Amino acid sequence: MENHVLFYILLALIPALETSDFLITPFRNIKKRSVDDLIVNGIEIYSMKIDSKVTSRFAHNVITSRAVNRANVSKEVIFDVDLPKTAFITNFSMTIDGVTYPGTIKEKEVAKKQYDKAVSRGQTAGLVRASGRKTEKFTVSVNIAAASKVTFELTYEELLKRNFGKYEMLIKVKPKQLVNHFEIQANIFEPQGISELEAQGSFITNDLSHVLKKSFSGKKGHVSFKPTIDQQRTCANCSTSLLDGDFIIKYDVKRDSPGDLQIVNGYFVHFFAPTNLPKFPKNVVFVIDISGSMSGIGIQQTREALLKILEDIREDDYFNFILFGSDVHIWQDSLVKATAENLKKAKDFVRAIDTRGMTNLHGGLMKGIEMLTTAFETNSVPKRSASIIILLTDGQPNVDVSDPQAIQANVKKAIQGRYPLYNLAFGYGIDYNFLEKMALENKGVARRIYPDSDSAIQMEGFYEEVANPMLTEVELNYPENAISDLTQNNFKHYYDGSEIVVAGRITDNDLNSLTADVKAQGAENDVTFSEQADVEEMAKALQEQEYIFGDYTERLWAYLTIQQLLEKRTVAQGEEKENLTAEALELSLKYKFVTPLTSMVVTKPEDNEDKAAIADKPVEVLTIFVLCFYADPTHSYLYSSPSIPSLYTSVDGDPHFIISVPQKEDAICFNINEETGAVLNLINDPVTGIRVNGQLIGDKRVSSDAKIQNTYFGKLGIENKKLELKLEVTPEKITLQEGRKKTVFTWLDTVTLRQEGLTVIINRKKNLVLSMGDGASFVIVLHQVWKKHPLHQDFLGLYTLDSHKLSERTHGLLGQFFHQIDFNILEIHPGSDPKKPDATIVIKNNKLTVTRGWQKDYRKDPKHGIDIPCWFVHNNGAGLIDGVHTDYIVSNIFDTTVN
């Protein structure tokens, strides 16, 4: 390819050239350019190889990156890769100038202690964090001397899942610069034989398609991709790489029987995926959140998805819709058959779905369960049919029963194991752990739906996964006296295009063969399947295969066991949770998997001192573990930055302002220090007419020791001019004024007031929730202290939910942050507190010094609060807020004229 490029350049130059001397110069320039193009900031990545070996769906992947420092001074080299969320890291090492520094996997607390003792010179960092819908990012960096070389090697393993009839392996490709030797090699071995194999890259153009090679024959498959430097360029004269995107390999195996039983070195794995079965009619209840927070893209994409799903529902299916805002609404009184007439009515109903009110999740879900139960009790649906409940919600329950634990208990009691519950969490403003626990307790799964232009496609994709149940009550049995440590072996449903995987340990050393018996309920009758594997024959068949890596069945068993233990741990409590944790931790350490219970420590000895980095596996709440190292031995620390529990802005405490930045999975916070009695404009939206002001109060007496006196919000005023509404809240009373009508409540009252365009809920001595139409909602938290406390007094906190519902013109100390802001953190370094590092933040074109700290979120726990990590901006938010804080002082609680 390179010769062809040069040839065309030569043809273009010949007409303009008078002597052959000029012909040499372009060639030399091109050669020099190609060398220079490989060096970015003094670093050349001269080799990157991704080597994947897949044996019986279990993938063992090794990413090797080699770099050299071409600069005259020491440089930082960064190794940065994206891994599938379902994968476990098993090994990592750095080799610098021929000396290898391996990673070791330890219990998380032990790793942290080792880290705390480490001393560093220069800065290095290691982290694993969630980085996308299906991936999490692993990053490690190290300083290397001029002309030094470094090799990074990362190994991870995963069990490939079968969806829609194919196994899929995702490899994220993003070298960020041209690489002299770039290569992807994937070798697949499947004892059943490979029936189809495909590979594609989102970045592969027509010119690159011939570089991607794939082939399969019998039990083996091979995929390779090895572009030259010029083939990596985004254009002929560009020094940037087009290798940026997803590289996906999909394949399936031959299925001469419903399952396949494999035995290797004392462990077995059973793959069960029968085909050509009659499909079950299904009964589906869609429980849809239509609260105000779902307006906009949320409800629009939901309508689009439901319309597409209605097109795919089969005629023998039954279905219904339950909608919940502040109240619960049903489409039909009972499940209806998917006749052409009913589907037409359903589509008309879906097109008219709109948002209103708050989030009565409990009421909606309980109604859906009741409807399914009634359908079976009255025989209004086929006896042999599969039932599922699909819940879609984007917010926190705040009407009827709002305590997550109470909702979980009620739902589990109502379902009684009869139907799987699938929970779809739309966006980030939701307690995902709550939805996941509730789904797992009821034999379902939770899935996050990312708010984007393809949200509807995400919802449709999930529905398609569960749209075709083929078997119910599936039970896989093995000889009890011959096996132990069995993974999950009973399943509520088996869906078309999926696969059930069971693994275990063989305890009978004299076993010649293993038999698996499967019982299930089919669409027409009960069915049984049987598989048998000969131990010696299987050993001989696998021994001759060069693709086999280690004891893959044992590692597959460990991988599956750990994942299932962690799932059980999610819903367990007390001693049961402790036992599950201990068992999962023991296996994680034995098989060297980085799981939520373990960390990997990479230690590099240097001048008899240690420099260490720790990598943790994040969980779905998007926890980030960042590790920083400094030359000062007194400043070693580990800080974790979990994502904000939900999308909100708040002011609470002294007064502490918290601004969540979901795209960064982080938060910014600042304080305002002003005189007692000052009234601050917090929110001002001239379009919707909503304004919020707050008045400061101080402690009962001034502390002579404090340089800055504590202040809190003692009065809040919320006004909606369009509704002629004013709400004044103090720690003693709540005054609601609508036009000339005035109503006064106290915090001893429990109140639910609903009328057109307005909902007010007072939870006795806890909080007040205000929702106005389809706009933003406000939560005011009451903080009560001991009445005889010598210093402190009662105060209020304000939390704004769904603030994106306010207009782009919204301003105020809080309001200016309601629409997307971005920032970058640079130069993390020790602060005055060893546990709280300082850094430089770049935000609003300003560079500010910030400190890592914590502020309290009191919405769920008004007494103790939940710690929210954030970057603290000093000096009354100077450089972060527009203008200075005194610009936001107004004359009274309902005044809108700022200084």
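Residues numbered from 1 in each chain as written. Predicted model: local features only at pLDDT ≥ 70, side-chain atom pairs only at ≥ 80, totals over all residues. Heavy atoms only, no water.

Caption draft 1: Structural context of the overall build of the chain. When you go through the chain residue by residue, the secondary structure sums to 13 helices and 54 strands. Expressed as a percentage of its 899 residues, the buried residues of the chain come to 55%. Of the contacts formed within the chain by residues at least 6 apart in sequence, a portion of 66% connects residues at least 24 apart. By element, 48% of the accessible surface of the chain is carried by carbon and sulfur atoms, the whole surface being about 39300 Å². (Helix = DSSP H or I, 4+ residues; strand = E, 2+ residues; numbered from the N terminus. Buried < 20%, exposed > 50% of the residue type's maximum accessible area, 1.4 Å probe, protein only. Contact = heavy atoms within 4.5 Å. Areas by Shrake-Rupley, 256 points an atom, 1.4 Å probe, with all protein chains shown as cover.)

Caption draft 2: Just the nonpolar core, in detail. With 56 residues, the main nonpolar core has F92, F225 and F247 as its most contacted residues. Filtering out sequence-adjacent residues up to four positions away, F247 remains in contact with M169, L170, I171, V173, I184, Q200, G201, F203, I204, L212, V223 and F225. Residues I690, F713, Y888 and I889 belong to the second largest nonpolar core, which totals 55 residues. (Core = buried A, V, L, I, M, F, W, Y, C linked by side-chain atoms within 4.5 Å.)

Caption draft 3: View of the pattern of salt bridges. Here the structure, examined in full by the defined rule, presents 29 salt bridges. For K166, the salt bridge is made with E196, and the minimal N-O distance between the two is 3.7 Å. Residue K166 is found in strand β11 (residues 166-173), and its partner E196 is found in strand β13 (residues 194-201); the two are separated by 30 residues along the sequence. By relative accessible area, which is 31% here, E196 ends up partly exposed. Of the charged contacts in the structure, one is a salt bridge between E499 and R255, with a shortest N-O distance of 3.7 Å. Of the two residues, E499 is situated in the loop between β28 (490-495) and β29 (500-506) and R255 in the loop between β16 (245-253) and β17 (259-264); the sequence distance between them amounts to 244 residues. (Salt bridge = Lys/Arg side-chain N within 4 Å of Asp/Glu carboxyl O.)

Caption draft 4: A look at the state of the cysteines. Counted by the stated rule, this structure contains two disulfides. Disulfide pairing places C235 opposite C238 at an S-S distance of 1.7 Å. An S-S torsion of about 85 degrees defines the bridge between C235 and C238 as right-handed. Residue classification places C235 among the partly exposed residues on the basis of a relative accessible area of 35%. The disulfide that involves C669 links it to C870, with 2.1 Å between the sulfurs. With the S-S dihedral at roughly 70 degrees, the linkage between C669 and C870 falls on the right-handed side. In this pair, C669 sits in strand β38 (residues 666-671) while C870 sits in strand β53 (residues 866-873), placing the two residues 201 residues apart along the sequence. (Disulfide = S-S within 2.5 Å.)

Caption draft 5: Molecular detail of the environment of S387. As for its placement among the helices and strands, S387 is situated in strand β23 (residues 386-393). On a C-alpha basis, the gap between S387 and N283 in space is 4.5 Å, while along the polypeptide they are 104 residues apart. Look past the residues within four positions of S387 in its chain and what remains in contact with it is N283, L372, F376, Y419, P420 and H493. Looking at S387, its side chain comes within polar contact range of the side chain of N283, at 3.0 Å. (Polar contact = N/O pair within 3.5 Å; in protein donor to acceptor, adjacent residues only side chain to side chain.)

Caption draft 6: Representation of the environment of A503 in the model. Assignment of secondary structure puts A503 in strand β29. Taking the C-alpha atoms as reference points, A503 and E554, 51 residues apart in sequence, are found 8.6 Å from one another. The contacts of A503, once residues within four sequence positions are left out, are F268, V269, D485, L486, T487, L556, W557 and L560.

Caption draft 7: Structural detail: the pairing of β23. Among the eight residues that make up β23, eight are buried, leaving the element largely enclosed by the rest of the structure. Residues A386, I388, I390 and L392 of β23 are buried on one face, and the alternating residues S387, I389, L391 and T393, pointing to the opposite face, are buried as well. As defined by bridge partners, strand β19 (residues 282-289) adjoins β23 across seven bridges and the pair is classed as parallel. Along β23, the bridge assignment pairs I288 with L392. Here five bridges tie β23 to strand β24 (residues 421-426), and the two strands are oriented parallel to one another. When the sheet's bridge partners are listed, L392 is paired in β24 with L424. Between the parallel pair β23 and β24, the chain is carried across by helix α8 (residues 404-415), and the sense of this crossover is right-handed. (Pairing = 2+ DSSP bridges. Right-handed = clockwise from strand over helix to strand, strands pointing away.)

Caption draft 8: Quick peek at unusual backbone geometry. At D400, a residue that is not glycine, the phi angle is positive and equals roughly 65 degrees. Mapped onto the secondary structure, D400 falls in the loop between β23 and α8. Residue class for D400 comes out exposed when judged on its relative accessible area of 52%.

Caption draft 9: Representation of the environment of G245. Note that G245 resides in strand β16. A relative accessible area of 13% places G245 in the buried class. When the C-alpha positions of G245 and K172 are compared, they lie 6.0 Å apart, and in sequence the two are 73 residues distant. Apart from residues no more than four positions distant in its own chain, G245 is found in contact with I171, K172, V173, S202 and F203.

Caption draft 10: Up close: the packing of aromatic side chains. Summed over the entire model, instances satisfying the criterion amount to 28 aromatic pairs. A centroid spacing of 6.2 Å and a plane angle of 20 degrees characterise the contact between F376 and Y419, whose relative ring orientation is stacked. On the criterion of sequence distance, the pair formed by F376 in helix α7 (residues 361-377) and Y419 in the loop between α8 and β24 is long-range, its members being 43 residues apart. On the accessibility criterion, F376 (27% relative accessible area) is partly exposed. On the accessibility criterion, Y419 (4% relative accessible area) is buried. (Phe/Tyr/Trp six-rings, centres within 6.5 Å; stacked < 30°, edge-to-face > 60°.)

Caption draft 11: Quick look at the sheet that holds β11. Taken in spatial order, the four strands line up as β10-β11-β16-β13 in an open sheet, and their pairing is antiparallel. Among the strands making up the open sheet, the edge pair consists of β10 (162-163) and β13. Bridge analysis of β10 against β11 gives two bridges, and the strand direction is antiparallel. By the bridge assignment for β11, N163 is matched with K166.

Caption draft 12: View of the packing of helix α12 (residues 552-571) against helix α13 (residues 574-590). Between α12 and α13, the least distance of the axes is 9 Å, while the angle of their chain directions is 155 degrees. It follows from the interaxial angle that α12 and α13 lie roughly antiparallel. Crossing of α12 over α13 shows left-handed handedness. Mapping the contact onto sequence places W557, T561, I562, L565, L566, K568 and R569 in α12 and K577, L580, T581, E583, A584, L587 and S588 in α13. Classifying every residue of the contact of α12 with α13 by side-chain character gives seven nonpolar, three polar and four charged. (Axes fitted to C-alpha atoms, helices over the stretch in contact; angles between N-to-C directions. Parallel < 35°, antiparallel > 145°, perpendicular 65-115°, else oblique. Left-handed = near helix turned anticlockwise from the far one by under 90°. Nonpolar A, V, L, I, M, F, W, Y, C, P; charged D, E, K, R; others polar.)

Caption draft 13: Representation of the sheet that holds strand β27 (residues 483-484) in the model. Strand order in the open sheet formed by four strands is β17-β18-β29-β27, with antiparallel pairing between adjacent strands. The sheet is open, and its two borders are formed by β17 and β27, each paired with just one other strand. As judged from the six bridges shared by β17 and strand β18 (residues 267-272), these two strands associate in the antiparallel manner. Within β18, the residue paired with L261 across the bridge is H270.

Caption draft 14: How the structure looks around helix α6 (residues 340-351). Between its first and last C-alpha atoms α6 spans 17 Å; for 12 residues at 1.5 Å apiece the expected length is 16 Å, and the two agree. Taken residue by residue, α6 has N342, L343, A346 and V350 as its buried positions. What you see down the axis of α6 is that its buried residues fit within an arc of 95 degrees, all on one side. In α6, the exposed residues that point more than 90 degrees away from the buried face are A340, E341, K344 and R351. The inward-facing, buried residues of α6 abut α5 (297-312), β20 (318-324) and β22 (336-337). (Expected span 1.5 Å × (residues − 1). Arc of directions from axis to C-beta.)

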